[in-house]
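Fold and geometry: a report
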Amino acid sequence: MREIKSTITAVGPQALEDQDPMVILFDETASETLRQVAVIQQFDDETAQQQLELHAGDELVIDDQHLPIDAVGSLVNENLQTIGHVTLIFSDAGPADLHNAIYFRGQPKPNFRVGTQLIYRLK
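Overview of the structure.

Definitions and cut-offs
Within each chain, residue numbers correspond to sequence positions counted from 1 in written order. For a predicted model such as this one, the threshold for reporting local features is a pLDDT of at least 70, and the threshold for listing and counting side-chain atom pairs is 80 or more; totals across whole chains, interfaces and linings nevertheless cover every residue. Hydrogen atoms and water are omitted, and side-chain values are computed over all heavy atoms in the structure. Pairing between two strands requires that DSSP report at least two bridges joining them. A run of DSSP states H or I qualifies as a helix once it reaches four residues; a run of E qualifies as a strand once it reaches two. Both are numbered from the N-terminal end. Should a side-chain nitrogen of Lys or Arg be within 4 Å of a carboxyl oxygen of Asp or Glu, the pair is scored as a salt bridge. Type-normalised accessible area, obtained with a 1.4 Å probe on protein chains alone, sets the label of each residue: buried when under 20%, exposed when over 50%, and partly exposed for intermediate values.

Moving on, we come to the sheet that holds strand β6 (residues 71-72). Strand order in this open sheet of nine strands is β5-β4-β9-β1-β3-β2-β7-β8-β6, and the pairing throughout is mixed. Both outer strands of the open sheet, β5 (65-68) and β6, are each paired with one neighbouring strand and no more. Where strand β4 (residues 59-62) lies against strand β9 (residues 117-122), four bridges are found, and the strand directions are antiparallel. In the sheet register, Glu 59 faces β9, and the bridge partner there is Arg 121.

This is the structure:
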């Protein structure tokens, strides 16, 4: 199993709404406008980030919460590799057609704060 790690370095003031099942991630290259609505992650290893390729059945660990990935949109890997961008959806009824989303069905949305660790676990 391969692990690629990142750390949350900033949380935009409009990034986390209690009733919203989506969390938008970007890396440090996000514009100031995007930073208002996004959670910013910094990958530990830029080379590993550029090789990140997720599939259904992989896992995302957020702090100590293990989240099996149910589905991966068609643009997820390219955007994660280049700009650290992905939308995380924690909902059974979430939009099923977002090409830049990872879906976690039946999983509660974790807490995100500065210092939160993310581990992308690839099988």
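Structure shown, so let's carry the discussion forward.
Let us now look at the pattern of salt bridges. Tallied over the full model, the rule gives five salt bridges. For Arg 35, the salt bridge identified is with Glu 28, shortest N-O distance 3.5 Å. Assessed through its relative accessible area of 37%, Glu 28 is described here as partly exposed. For Arg 121, the salt bridge is made with Glu 59, and the minimal N-O distance between the two is 3.3 Å. Residue Arg 121 is located in strand β9, and its partner Glu 59 is located in strand β4; the two are separated by 62 residues in the primary sequence. Per residue, the accessibility class of Arg 121 equals that of Glu 59, and both read buried. Because the salt bridges share partners, they merge into one network encompassing Glu 3, Glu 59 and Arg 121.

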